[in-house]
Amino acid sequence: MKIGVLGTGGVGETIGSKLVSVGHEVRMGSRTPDSEKAKNWAASAGPRASYGTFADAASFAEVLFNCTAGAASLAALEMAGRQNLAGKVLIDLSNPLDFSRGMPPTLTVCNDDSVGEQIQRAYPDLRVVKALNTVTAPVMVNPGLVPGDHVLFVAGNDRGAKARVSEWLVAWFGWTPGRLLDLGDITGARGMEMYLPLWIRMMQQSVGHPFFNIQVLKGAPPRRS
Ligand SMILES: NC(=O)c1ccc[n+]([C@@H]2O[C@H](COP(=O)([O-])OP(=O)(O)OC[C@H]3O[C@@H](n4cnc5c(N)ncnc54)[C@H](OP(=O)(O)O)[C@@H]3O)[C@@H](O)[C@H]2O)c1
């Protein structure tokens, strides 16, 4: 499959490299056509990897991953070009983190909105599926780095797109179907993004590194007597 990875940071590199390793053609997109990071990534990832602008990656792709900074994702997608996005599935793994006041970051959008929703509103015919944003990049593509039946959330308006993304998460990245928790429509992205302050706090104060995730254990509701 032809896949566009929008973003040249560590997440774009990790996702892009994994996708190339399982046989896909991947084009990494950036604000500029000659990003050093994208060029270096393509050189190391091999012949199925290429790079260009956000628009180059979006026009090339059948499916897109949004690996841009959450606060800049709308700007990045505008550069990608509406005509290059129409009708495609976009897996949004961004988080709306604002580091301008240092650590811990604050959220640029929260409570009654999210980046996932902002993107879906701006591009109604883009099939946005929020996923992967709640784990560190190496765990996204290798869930076995964390032991146990830890989970990944998915949210999106288009049921068909969500089903396909769920299949891809299993086939490409090694998640198991029983560990994908469907949070419903794209408003589910709110909770997924607002989890980040808790994730960062756990990482800093209790776990001490980013290789962790959450497991959801179901009990039986107590019977009323
Ligand atoms: N780090 C993790 O393990 C992790 C885990 C879960 C989710 N996430 C989320 O994944 C996303 C990517 O994270 P990252 O650390 O790899 O990269 P990042 O530094 O958050 O984002 C880098 C990308 O954002 C683009 N960008 C920055 N400012 C922009 C602007 N004003 N207009 C348009 N594009 C702009 C950059 O474009 P250029 O290429 O032109 O520089 C670059 O491609 C983030 O939303 C992050 O919160 C990260």
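Residues numbered from 1 in each chain as written. Predicted model: local features only at pLDDT ≥ 70, side-chain atom pairs only at ≥ 80, totals over all residues. Heavy atoms only, no water.

Trainee: What am I meant to see in the site of the ligand here?
Mentor: Near the ligand, the surroundings consist of 24 residues, among which Thr8, Val11, Arg31, Thr68 and Ala137 are the closest. Between the ligand and Thr8, the relevant distance is 2.7 Å, taken from an oxygen atom to a side-chain nitrogen or oxygen of the residue. Elements with a minimum of two residues in the shell around the ligand: helix H1 (10-21), helix H4 (73-80) and helix H7 (137-140). Examining the composition of the shell around the ligand, we find that 3 residues originate from one element, H4, more than from any other. Taken together, the residues of the shell around the ligand break down into 12 nonpolar, 11 polar and 1 charged. (Near = heavy atom within 4 Å. Polar contact = N/O pair within 3.5 Å; in protein donor to acceptor, adjacent residues only side chain to side chain. Helix = DSSP H or I, 4+ residues; strand = E, 2+ residues; numbered from the N terminus. Nonpolar A, V, L, I, M, F, W, Y, C, P; charged D, E, K, R; others polar.)

Trainee: How should I be thinking about the nonpolar core in this particular structure?
Mentor: The nonpolar side chains of a soluble globular protein tend to be buried, and buried together. Core analysis: the largest hydrophobic core is formed by 37 residues, its most contacted members being Ile15, Leu19, Phe65, Ile91, Leu132, Leu169 and Phe173. No other element matches the 6 residues that helix H8 (residues 159-173) contributes to this core. Discounting chain neighbours no more than four positions away, the residues touching Ile15 are Val5, Phe65, Cys67, Leu93, Leu132, Met140, Val141 and Phe173. Among the nonpolar cores identified, the runner-up in size contains 19 residues, and Ala61, Leu85, Val115 and Tyr123 belong to it. (Core = buried A, V, L, I, M, F, W, Y, C linked by side-chain atoms within 4.5 Å. Buried < 20%, exposed > 50% of the residue type's maximum accessible area, 1.4 Å probe, protein only. Contact = heavy atoms within 4.5 Å.)

Trainee: Help me understand the pattern of salt bridges, please; the structure alone is not making it clear to me.
Mentor: Side-chain pairing between opposite charges can occur once the charged atoms of the two side chains come close. By the definition in use, this model includes 7 salt bridges. Lys162 serves as the salt-bridge partner of Asp182, at 2.9 Å between the closest nitrogen and oxygen. With a gap of 20 residues between them, Asp182 in strand E10 (residues 180-182) and Lys162 in helix H8 connect regions that are remote in the sequence. Of the residues examined, Lys162 reaches a relative accessible area of 7% and is grouped as buried. (Salt bridge = Lys/Arg side-chain N within 4 Å of Asp/Glu carboxyl O.)

Trainee: Got a minute to help me understand the pairing of strand E3 (residues 49-53) in this structure?
Mentor: Note on strand geometry: in a regular strand, side chains alternate between the two faces of the sheet. Most of E3 sits out of view: 4 of its 5 residues are buried. Across 5 bridges, strand E2 (residues 25-30) lies against E3 in parallel orientation. Considered in E3, the bridge of Met28 is made with Tyr51. Where the polypeptide runs from E2 across helix H2 (residues 36-45) and back to E3, its parallel neighbour, the crossover connection is right-handed. (Pairing = 2+ DSSP bridges. Right-handed = clockwise from strand over helix to strand, strands pointing away.)

Trainee: I'm lost on the packing of aromatic side chains in this one. Help?
Mentor: Each aromatic ring pair is specified by the distance between its two centres and by the angle formed by the two planes. Taken as a whole and judged by the stated rule, the model has 3 aromatic pairs. Judged by centre distance (5.0 Å) and plane angle (5°), the rings of Trp168 and Trp172 are stacked. Taken as a pair, Trp168 and Trp172 lie in helix H8 at a separation of 4 residues, close to a single helical turn. Trp168 gets classed as buried once you look at its relative accessible area, which sits at 7%. An angle of 20° between the planes, with centres 5.2 Å apart, marks the rings of Trp199 and Phe212 as stacked. Remark: Phe212 occurs in the segment after helix H10 (196-207) and Trp199 occurs in helix H10; sequence separation between them is 13 residues. (Phe/Tyr/Trp six-rings, centres within 6.5 Å; stacked < 30°, edge-to-face > 60°.)

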